[in-house]
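Secondary and tertiary structure notes
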Amino acid sequence: MKDLLVMKFGGTSVGSASRMRVAAALTAQESRKRPVAIVVSAMSKITDLLLGTMRHAEAGDHAGISANLAALRARHEDTCRELLPEDRRTAVMAGVHGLIGEFERIVNGMALLNERPPRSVDEAVAVGERLSALLVAACLNAEGTPAAAVNAWEVVVTDAVFGNASPLMEPTRQKAREKVLPLLERGLVPVITGFNGATADGRPTTLGRGGSDFSASILAAALDAAEVWIWTDVDGIMSADPRLVPDVVVLDEVTYAEAAELAYNGAKVLHPRTLAPLADKRIPVWSKNSFAPEKPGTKIVPAIAKANGARAVTSMTNVALVSLEPASAELSGVQVMARALDAMARVDVEVLALSSSSYRQSFCFLVRGEELRPTMQALEAALALELAHGYVKPIHVDENVGLLAIVGEGMQGKPGLAGRVFTAISREQVNIIAIAQGSSELTIGIVVRRDGLEKAVRAVHRECELGKA
Ligand code: ADP
Ligand code: ASP
Ligand code: MG
C-alpha cells in the first residue's frame, strides 16, 4: 500500500497505561497524515513472566504458577482500569480475562503432564502480545482513532520451527492482503501482535526472543510499506550498549548491513533478522525513542555515500567456545571441520565466529549459550567413532568467554585498525582468545575472557574514537 507506515512499539513503549497512551498518541499523529499499521510487543517483562510460569508448570510448582498468574492478572487489570473510561472497560476487561484464561488452560495442561512442548509454549506465550494488542487497540478507539486488534497468527505464515520460526513470505503477503489491507482501506489502524505467527496449517509459532522487530519488517515487506519506525527506549542505534559505555553517541545513519551485523553480534536494539525482508524493496527503517519522540533517531538505509570505518562496538555474554582437534595427523582437520559444521547446520545451530589453526589442524567456533546443548549432541553423534577411538581429542568447551565485535562499512579502508584494537585490549590486561574477521570485512569479532569483556568494549570504544560522532 502506497505511503503505508508500519510502526513497532517495544515492551517498554507499551509497558504501562501511560506508555500505551503515548504509543496511541504517536500512532494517531501519524495516522492523520497517512495509513498506519502498528505492531506491538507484550508489556515489558511479561514474556519472561509467561515463560517462567510454564517452567513452573513443567516442574509441578503450583504455588509458582498461582503467583505468576496473579501478577499477570494484576498488571493487565490495572493497566486496563487506568487506560479506559468506565463505559469501555467491561468488554476489554472480559477480553483480558479470556486471554489469561487461555494461557491458564495451556499451563494447567503442562502441569498435568510435567512437560512443556515447544508448540504449546509458542501458543501460550503469544498471549502476552495478544493482551497488549487488545489494550492498545482499545486505547486508540477510546481516544478517537479507529483501530482493530489483529492476531499475527492470522497473517504471518511461518515454517514449523517452534520458538524460532522463519516467515514464508508469499503466503504471508497473501494473508496480509486478505486480513490487514481491508482494515487499512476502511481507515482503521491494525494493531498487530508482534513475535508470533502460525504455520500454514494453523499451528502457532514464535519468531525468537525480541522477534517483534522482525514481525514489523515482515509485515512491512508483505504490505509494500513506505517506511518502518521501531519505537524503543533509547535514542536510536548507538556506538555501543549505553549500559556498558558512558560516552556513547547515537548514530544518525547506518546501513542495513551495519545494522544487521550489530544486531547479530549482540546489540539488543534490533532483532538480528529484522533487515532481511526489507532489503529487496529497500524500505527504510527508523529506530526511535518513544520516551523522547522529538529526537530524530537512527535511520537505517540500504547504503550510505561515505563509509566511515568503525562505527560501533557490540558484545555478547552468553556464548561458548567449542574446540575440536584431530589427535593424529592422518585425519584431515578440514574434513573434521566440514562434518562438524554439517552436523550443526542440521540442528539449526548458528556459528557466531569460527577460527582455525592450519598448523595444528585444530579449530574452534563460538555458539550461543542456549545452543550449546544441541551443538554438543550433534557433534558427539557426528564424530562418535572418531571420539571413541581417540582419532579426535575430547571436545573442549569454554563457557568463560565473551564476544566483542567492531562493526563498520569501510573498515577495510583503514589499515592498522585491527592492530590498534588488539593493542588497546591487551593494554587492559584482557586476553584475546580468538579473532574472526567476517568475510564482508564489515565486522571484526574478538573472543575474550568473560571477566574482561566490558573493559575490552570500553577500550575499543575509546581507541576507535566511537564517542566522537
Ligand atoms: P524493545 O523492548 O523496545 O524491543 P530492547 O530492550 O529489545 O527494546 O532493545 C533496546 C535496548 O537495547 C536498549 O535499552 C539498550 O540498552 C540496548 N542496546 C544494546 N546495544 C545497543 C546499541 N548499540 N544501541 C542502542 N541500544 C542498545
Ligand atoms: N515479547 C517478546 C520478547 O520479549 C518479543 C519482543 O518483545 O520483541 O521476546
Ligand atoms: Mg527488542
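Residues numbered from 1 in each chain as written. Chains lettered and ligands numbered in written order. Predicted model: local features only at pLDDT ≥ 70, side-chain atom pairs only at ≥ 80, totals over all residues. Heavy atoms only, no water.

This brings us to the site of ligand 1. Taken together, 17 residues surround ligand 1, and among them Lys-8, Thr-232, Asp-233, Met-238 and Lys-268 come closest. Measuring from an oxygen atom of ligand 1, one finds a side-chain N or O atom of Lys-8 at 3.0 Å. One nitrogen or oxygen atom from the side chain of Thr-232 is found 2.7 Å from an oxygen atom belonging to ligand 1. Within the complex, 89% of the 580 Å² of free accessible area of ligand 1 lies under protein. Its residues assigned to classes, the shell around ligand 1 shows 8 nonpolar, 4 polar and 5 charged. (Near = heavy atom within 4 Å. Polar contact = N/O pair within 3.5 Å; in protein donor to acceptor, adjacent residues only side chain to side chain. Areas by Shrake-Rupley, 256 points an atom, 1.4 Å probe, with all protein chains shown as cover. Nonpolar A, V, L, I, M, F, W, Y, C, P; charged D, E, K, R; others polar.)

Let's shift gears to the site of ligand 2. Lining the immediate environment of ligand 2, one finds Ser-41, Thr-47, Glu-129, Phe-195, Arg-209, Gly-210, Gly-211 and Ser-212. Contact distances for ligand 2 include 3.1 Å between an oxygen atom and a side-chain N or O atom of Ser-41. Between Thr-47 and ligand 2, the recorded distance is 2.7 Å, taken from a side-chain N or O atom to a nitrogen atom. In the complex, 86% of the free accessible area of ligand 2, which totals 260 Å², lies under the protein chains. Among the residues forming the shell around ligand 2, the class breakdown is 1 nonpolar, 5 polar and 2 charged.

Turning our eyes to something else, we now look at the sheet that holds strand β9 (residues 253–255). Ordered by their spatial adjacency, 8 strands build an open sheet running β3-β5-β2-β1-β8-β10-β11-β9, and the pairing between neighbours is mixed. If you trace the sheet from one side to the other, it starts and ends with β3 (147–150) and β9, each paired once. The average undirected angle you get between the axes of adjacent strands in this sheet is 20 degrees. Here strand β2 (residues 36–40) pairs with strand β5 (residues 189–193) via 3 bridges, running parallel. Paired with Val-40 across the strands is Thr-193, a residue of β5. Across the sheet, helix α1 (residues 17–31) lies against β1 (5–9), β2, β5 and β8 (227–232), angled at about 175 degrees from β1, the strand it touches most. (Pairing = 2+ DSSP bridges. Helix = DSSP H or I, 4+ residues; strand = E, 2+ residues; numbered from the N terminus. Axes fitted to C-alpha atoms, helices over the stretch in contact; angles between N-to-C directions. Contact = heavy atoms within 4.5 Å.)

What follows covers the environment of Ala-126. Within the element layout of this structure, Ala-126 appears in the loop between α5 (118–125) and α6 (127–142). In this structure the C-alpha to C-alpha distance between Ala-126 and Asp-48, which are 78 residues apart in sequence, comes to 12 Å. Non-local contacts of Ala-126, meaning those with residues more than four positions away in its chain, are made with Trp-153 and Asn-196.

In total, this model carries 26 salt bridges according to the counting rule given. Between Asp-78 and Arg-81 there is a salt bridge, and its shortest N-O distance comes to 3.0 Å. Here the residue Asp-78 and the residue Arg-81 both occupy positions in helix α3 (residues 62–83), the gap between them amounting to 3 residues, near one helical turn. Notably, a salt bridge pairs Asp-398 with Arg-449, separated by 2.9 Å at the nearest N-O pair. Placement of the pair is Asp-398 in strand β15 (residues 396–407) and Arg-449 in strand β17 (residues 443–449), with a sequence separation of 51 residues. Relative accessible area serves as the criterion here: at 28%, Arg-449 is assigned to the partly exposed category. In this structure, a network of salt bridges that share partners links the residues Glu-170, Arg-173, Asp-224 and Lys-281. (Salt bridge = Lys/Arg side-chain N within 4 Å of Asp/Glu carboxyl O. Buried < 20%, exposed > 50% of the residue type's maximum accessible area, 1.4 Å probe, protein only.)

Quick look at the nonpolar core now. Counting residues in hydrophobic clusters, the biggest one holds 54 residues, and the most contacted among them are Phe-9, Ile-38, Met-54, Leu-72, Phe-103 and Val-191. Ranked by the residues each element gives to this core, the list is headed by helix α4 (residues 86–113), at 10 residues. Discounting chain neighbours no more than four positions away, the residues touching Phe-103 are Leu-50, Thr-53, Met-54, Leu-69, Leu-72, Ala-124 and Val-127. Leu-181, Leu-184, Leu-207 and Ala-225 belong to the second largest nonpolar core, which has 45 residues in total. (Core = buried A, V, L, I, M, F, W, Y, C linked by side-chain atoms within 4.5 Å.)

This part takes up the packing of helix α2 (residues 46–59) against α4. The relative placement of two packed helices comes down to the angle between their axes together with the axis-to-axis distance. Interaxial distance between α2 and α4 falls to 8 Å at its minimum, and their mutual angle equals 30 degrees. Taken together, the axis directions place α2 and α4 in an arrangement best described as roughly parallel. Within the contact between the two elements, α2 uses Leu-50, Thr-53, Met-54 and Ala-57 and α4 uses Phe-103, Val-107, Met-110 and Ala-111. Residues that form the contact of α2 with α4 fall into these classes: 7 nonpolar, 1 polar and no charged. (Parallel < 35°, antiparallel > 145°, perpendicular 65-115°, else oblique.)

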